[in-house]
Structures are given as C-alpha cells and as structure tokens.
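Chain residues, written in single-letter form:
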Amino acid sequence: MTQIPIANPSLEATAAAGAAHVNCQEFSFYYGDNQAVTDVTLDFPSFQVTAIIGPSGCGKSTLLRSINRMNDLIPGRRTTGRLVFDGQDVYGPRLDVVALRRRIGMVFQKPNPFPKSIFNNIAYGRRLYDSLERRELQAVVETSLQRAGLWEEVKDRLDDNALSLSGGQQQRLCIARALAVDPEVLLMDEPTSALDPRATARVEDLIAELRGRYTIIIVTHNMQQAARVSDHTAFLYEGNLVEYGPTARMFTQPREKRTEDYMTGRFG
C-alpha cells in the first residue's frame, strides 16, 4: 500500500490510549425500517482525534450525530444498544439534551455563521447558558477566537457581519462558536469539504492545535486528511464497523481486506 504520513506514529502500539468517555456498546440507529448503523461497539479515546471513514451512505454522519442527539428530529428514528458519554446513556430517559449539547459541540460540513456580528456569533451560545458581564463575555470571545486561530485576523472587526468572512474564516468562526461554551467533545462532520486547499490546511492545523484539550471526532471522506489529523481511525461499511485502531497501523497494516480495498481505492 502507498504510505501516507501519519498524524501521530507514537500511538501505533496502543489502540485505545487514554480513557474513553464516549463509547458505543452494540449501538444501532434506525430511520424507520432502515438500519443505518448496526451493532457498533467502539471507544473514542479522550483528548485525542478519532477519524470515522467509509464510503457515502455507510452511516458515518449518522453515528457522529447520534453522539449529541442531532438526529432527534428525524421522524421514525429509533436506537438500540447504548451510546455512553461520561458514564451516562445518551439516550436514557433522564438525560438533559440541552446540557449534553453544551458538553458535546458540533461543526457541520458547510460553514453556518449566524447573520450577526462576529462578536455575537461567538457570544450567542454562552449567553444562552450563562449570565456574564460584558467584560467576561469579551474574554470568552477573545479566548475562543484565539483557540480557533482567528483572533489576529478579526480582532479589529468584531462588529462586522460574520457573513463577510471568507469560507475558511467562517468555518473557523463556527469552530470558535462551538468552543465558546467550553465543551469536552468536538464533533466535526466533513468540516473541510466545502473549503479550498489553503483553508483546509488551516483547519487541519487547528485540529492539531486542539488535540489534547478536547476529544475530537471527525467524519471525513479524505483518506489523506484522516491520516494527517487523527490518532485513531474507524472504518464503517454499510453501517457496520469493519475495523478500528491506531491510524498508523490502519493505514499501513490494515487487518481486514475490505479496509485495505477501501484505502487503496478499489471501492468507495
């Protein structure tokens, strides 16, 4: 197989370095009679980056969006098994979904800034949860933009409409908006698919910078991106988890033929 540079080769010796506070236990997701995810058992190591790869329609985004229950509004949806966050069943009857989504942030495929100022985009979520003085809110906005690598580019134009930013800047703004509520987990659903190569590289650099501070789970079709940014990789096919392990091993010595066939472009 053609070797691709791996994000963190030192993790090759361990498939689950670091305790996992997000895990699936024979988790399945249904859209009516259609089963999109089938009996997935998988740990997402804390404070590391896990990539979910697989062909279109294999259940990647469904699994990702299940973690913070973004699929709740879909008619006829149901789940079996367990999806656990910090020891609590995400689909348990007593779970507070609002509190869950504060702790598990989401970045979508296309940048979706609000038609508000840059400042108010970042402050919006924090205002929903906390009553902060203006000075405290300013500190939250600055810190979030710094962590998203955007502060130096926008610090003198915080009152400008966020829609005036470039596509790559908008996506980093959306990442900053997610970080502003101080989540523990960051879900990223094809976060660079709508961006040009330069903006993609900046977002990938940002993911590397956020590693160790947040647990990051990213869905991507881009094999090279998965290799560059992730510590662990999970390969899904037709809703089933085919293989999971350290990215270094997955891309150089996959144990399943379907994994190798997908990574070498024989299908997908």
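Conventions adopted
- Residue indices begin from 1 for each chain and proceed along its sequence in written order.
- Only residues with pLDDT of at least 70 are given local features in this predicted model, and only at 80 or more are side-chain atom pairs given and counted; all residues enter the totals for whole chains, interfaces and linings.
- Computation of side-chain values: all heavy atoms of the structure, hydrogens and water removed.
- Here a helix means four or more residues in a row that DSSP labels H or I, a strand means two or more in a row labelled E, and each is numbered from the N terminus.
- What the globule rule says is 2.2 Å times the number of residues to the power 0.38, and the radius of gyration is computed from C-alpha atoms.
- Think of it in three bands: residues with accessible area under 20% of the maximum for their type are buried, residues over 50% are exposed, and the middle band is partly exposed, with areas taken using a 1.4 Å probe on protein chains only.
- It only takes one pair of heavy atoms within 4.5 Å for two residues to be counted as in contact.
- Per-residue accessibility takes into account occlusion by the displayed protein chains alone, with areas from the Shrake-Rupley method and a 1.4 Å probe.
- Under the convention used here, Asp and Glu are negative, Lys and Arg are positive, and both His and the chain ends fall outside the count.
- The atoms used to mark charge sites are NZ of Lys, CZ of Arg, CG of Asp and CD of Glu.
- We place a 1 Å grid over just the protein atoms. Points where a 1.4 Å probe fits but has no way out form a cavity, open points with protein on both sides within 12 Å along at least 5 of 7 lines form a pocket, and any residue with an atom within 4 Å of a point lines it.
- Grid points are joined across faces, edges and corners, and a volume is the space filled by probe spheres set on the points.
- Gly is put with the polar residues, along with every residue not named as nonpolar or charged; the nonpolar set is Ala, Val, Leu, Ile, Met, Phe, Trp, Tyr, Cys and Pro, and the charged set is Asp, Glu, Lys and Arg.
- Two strands pair if DSSP finds at least two bridges between them.
- Between rings of Phe, Tyr and Trp, where Trp is taken as its six-membered ring, a pair exists when centres lie within 6.5 Å; planes separated by under 30 degrees are stacked, by over 60 edge-to-face, and by other angles tilted.
- For a Lys NZ or an Arg CZ to count as sitting over a ring, it must be within 6 Å of the ring centre and within 35 degrees of the ring normal.
- Axis definition: a line fit to C-alpha positions, over the contact stretch in the case of helices; interaxial angles, taken between N-to-C directions, run 0 to 180 degrees.
- An angle below 35 degrees is treated as roughly parallel, one above 145 as roughly antiparallel, one from 65 to 115 as roughly perpendicular, and anything else as oblique.
- Left-handed describes a crossing in which the near helix is turned anticlockwise from the far one by less than a right angle; the clockwise case is right-handed.
- Polar contact is the term for a pair of N or O atoms within 3.5 Å; when the atoms are in protein, one must be able to donate a hydrogen and the other to accept it, and sequence-neighboring residues count only if both atoms are side-chain atoms.
- Salt bridges are defined as contacts in which a side-chain nitrogen from Lys or Arg sits within 4 Å of a carboxyl oxygen from Asp or Glu.

**Thoughts on the overall build of the protein chain**
Turning to step 1, where the next piece is worked out: When helices and strands are tallied, the protein chain shows 10 helices and 10 strands.
Turning to step 2, where the next piece is worked out: The C-alpha radius of gyration of the protein chain comes to 18 Å, within 12% of the 18 Å expected for a compact globule of 268 residues.
Turning to step 3, where the next piece is worked out: Along the first, second and third principal axes, the C-alpha atoms of the protein chain reach 55 × 45 × 30 Å.
Turning to step 4, where the next piece is worked out: The proportion of buried residues among the 268 residues of the protein chain is 51%.
Turning to step 5, where the next piece is worked out: A sequence separation of at least 24 residues applies to 69% of the contacts in the protein chain between residues at least 6 apart.
Turning to step 6, where the next piece is worked out: If you sum the accessible surface of the protein chain, you get close to 12200 Å²; carbon and sulfur atoms cover 45% of it.
Turning to step 7, where the next piece is worked out: Of the charged side chains in the protein chain, 31 are positive and 32 negative; the average position of the first set lies 3 Å away from that of the second.

**So, the layout of surface pockets**
Turning to step 1, where the next piece is worked out: The space that makes up the largest pocket amounts to roughly 470 Å³.
Turning to step 2, where the next piece is worked out: Along its surface, the largest pocket is lined by 18 residues, and R101, M106, F114, R177 and A178 are the ones closest to its centre.
Turning to step 3, where the next piece is worked out: Along the lines of polarity and charge, the residues of the lining of the largest pocket split into 12 nonpolar, four polar and two charged.

**Quick look at the pairing of strand β4 (residues 77–85)**
Turning to step 1, where the next piece is worked out: Two strands pair when backbone bridges link them, and strand β1 (residues 20–31) and β4 are joined in this way by eight bridges, in the antiparallel orientation. Bridged to V22 within β4 is F85.
Turning to step 2, where the next piece is worked out: Where β4 meets strand β5 (residues 88–89), two bridges bridge the pair, whose relative direction is antiparallel. Its bridge partner lying in β5, V84 is registered against D89.
Turning to step 3, where the next piece is worked out: Two successive antiparallel strands, β4 and β5, enclose a turn made up of two residues, where D86 displays a positive phi of approximately 55°.

**A look at the packing of aromatic side chains**
Turning to step 1, where the next piece is worked out: By the definition in use, this model includes four aromatic pairs.
Turning to step 2, where the next piece is worked out: On the numbers, 4.9 Å between centres and 65° between planes, the contact of F114 with Y124 is edge-to-face. Linking F114 in the loop between β6 (104–107) and α3 (118–129) with Y124 in helix α3, this pair joins segments that are 10 residues apart in sequence.
Turning to step 3, where the next piece is worked out: The aromatic ring of Y30 is capped on one face by R78, whose charged end is 3.9 Å from the ring centroid.
Turning to step 4, where the next piece is worked out: When the ring centre of F119 is taken as origin, the NZ or CZ atom of R134, which lies over that ring, is 4.3 Å away.

**As for the packing of α3 against helix α4 (residues 134–147)**
To characterise two packed helices, one gives the angle between the axes of the helices and the distance between these axes.
Turning to step 1, where the next piece is worked out: Packing of α3 against α4 leaves a shortest axis separation of 9 Å and a crossing angle of 115°. Taken as axis vectors, α3 and α4 run roughly perpendicular relative to one another. For the crossing formed where α3 meets α4, the hand is right-handed. On α4, the residues that touch F119, I122, A123, R126 and R127 of α3 are R134, L137, Q138, V140, V141, S144 and L145.
Turning to step 2, where the next piece is worked out: Taken together, the residues of the contact of α3 with α4 break down into seven nonpolar, two polar and three charged.

**Considerations on the environment of Q171**
Turning to step 1, where the next piece is worked out: Of note, Q171 is situated in helix α6 (residues 167–179).
Turning to step 2, where the next piece is worked out: A residue is classified by how much of its surface remains accessible, and Q171, at 0% relative accessible area, is buried.
Turning to step 3, where the next piece is worked out: For the pair Q171 and D231, spaced 60 residues apart in the sequence, the C-alpha separation amounts to 22 Å.
Turning to step 4, where the next piece is worked out: Not counting residues within four places of it along the chain, the set of residues in contact with Q171 comprises V107, F108, Q109, K110, P111, P191 and L195.
Turning to step 5, where the next piece is worked out: Here the side chain of Q171 touches P191 through a polar contact of 2.7 Å, landing on its backbone oxygen.

**Topic: the pattern of salt bridges**
Turning to step 1, where the next piece is worked out: Scanning the entire structure with this criterion turns up 18 salt bridges.
Turning to step 2, where the next piece is worked out: A salt bridge links R65 to D189; the shortest N-O distance between them is 3.3 Å. Of this pair, R65 sits in helix α1 (residues 60–67) while D189 sits in strand β7 (residues 185–189), placing them 124 residues apart in sequence.
Turning to step 3, where the next piece is worked out: When its relative accessible area of 3% is taken as the criterion, D189 is described as buried.

**Examining the sheet that holds strand β9 (residues 232–237)**
Turning to step 1, where the next piece is worked out: One open sheet holds the six strands; their spatial order is β6-β7-β8-β3-β9-β10, and the pairing between them is mixed. Strand pairing shows two members of the sheet lacking a second neighbour, β6 and β10 (240–246), which therefore form its edges. Averaged over all pairs of adjacent strands, the angle between strand axes in this sheet comes to 15°, irrespective of strand direction.
Turning to step 2, where the next piece is worked out: The pairing of strand β3 (residues 49–53) with strand β8 (residues 215–219) spans four bridges and is classified as parallel.

Keep in mind that these numbers describe shape and distance, not what the molecule does.
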